[in-house]
Amino acid sequence: SGALKNAIDWLTRGEKQSLDAKVAAIFGASPGILGSIRGQLQLRQILLFANVFILPQPQVIISAAHEAFNDDGSFKNDKTAQLLKELVEKTLNFSQKIK
């Protein structure tokens with residue numbers, strides 16, 4: 001989104017770039033069939049240029065987001081929940097390793 005891009009631009013201004021050598025996880029949801037894949041690819045390019053470390057796998061792409069969640073906010077599909085958990089765990093582990 002434009003707001004996210006503006007925030008990234010703000011964080012990478014000047015000599016002291018706040019995102020330099022940080023670790024990030026990318027995932028997303030959308031109502032469409034592609035489930036935010038195009039947005040994630042663009043965000044990945046932007047963050048790589050800002051020297052942010054992003055793990056390539058697993059990619060969490062939630063399509064038909066309006067149907068993907070239960071009323072309590074949990075995932076209807078256990079595989080999606082497991083992928084997101086794996087992404088978070090791998091990102092945290094990587095972050096600890098490069099500290």
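This text goes with the structure placed above it.
All of these numbers come straight from a predicted model, not from anything done at the bench. (Residues numbered from 1 in each chain as written. Predicted model: local features only at pLDDT ≥ 70, side-chain atom pairs only at ≥ 80, totals over all residues. Heavy atoms only, no water.)

## Concerning the packing of aromatic side chains
Counted according to the given criterion, the structure contains 2 aromatic pairs. Centre to centre, the rings of F53 and F94 are 6.1 Å apart; their planes meet at 65°, and the pair counts as edge-to-face. Of this pair, F53 sits in strand 3 (residues 53-54) while F94 sits in helix 4 (residues 78-98), and the two are 41 residues apart along the sequence. Take F94: its relative accessible area is 26%, and that puts it in the partly exposed class. (Phe/Tyr/Trp six-rings, centres within 6.5 Å; stacked < 30°, edge-to-face > 60°. Helix = DSSP H or I, 4+ residues; strand = E, 2+ residues; numbered from the N terminus. Buried < 20%, exposed > 50% of the residue type's maximum accessible area, 1.4 Å probe, protein only.)

## Examining helix 2 (residues 37-49)
An ideal rise of 1.5 Å per residue puts 18 Å on 13 residues; helix 2 measures up with 19 Å between its terminal C-alpha atoms. Taken together, the buried positions of helix 2 are Q40, L43, R44 and L47. Taken down its axis, helix 2 places every buried residue within 105° of arc, on the same side. When the buried face of helix 2 is taken as reference, the exposed residues oriented beyond 90 degrees from it are R38, Q42, Q45 and F49. Residues of helix 2 that are buried in the fold lie against helix 1 (2-11), strand 1 (23-24), strand 2 (27-29), strand 3 and strand 4 (60-62). Just downstream of helix 2, N51 is the residue with a positive phi angle, here 65°. (Expected span 1.5 Å × (residues − 1). Arc of directions from axis to C-beta. Contact = heavy atoms within 4.5 Å.)

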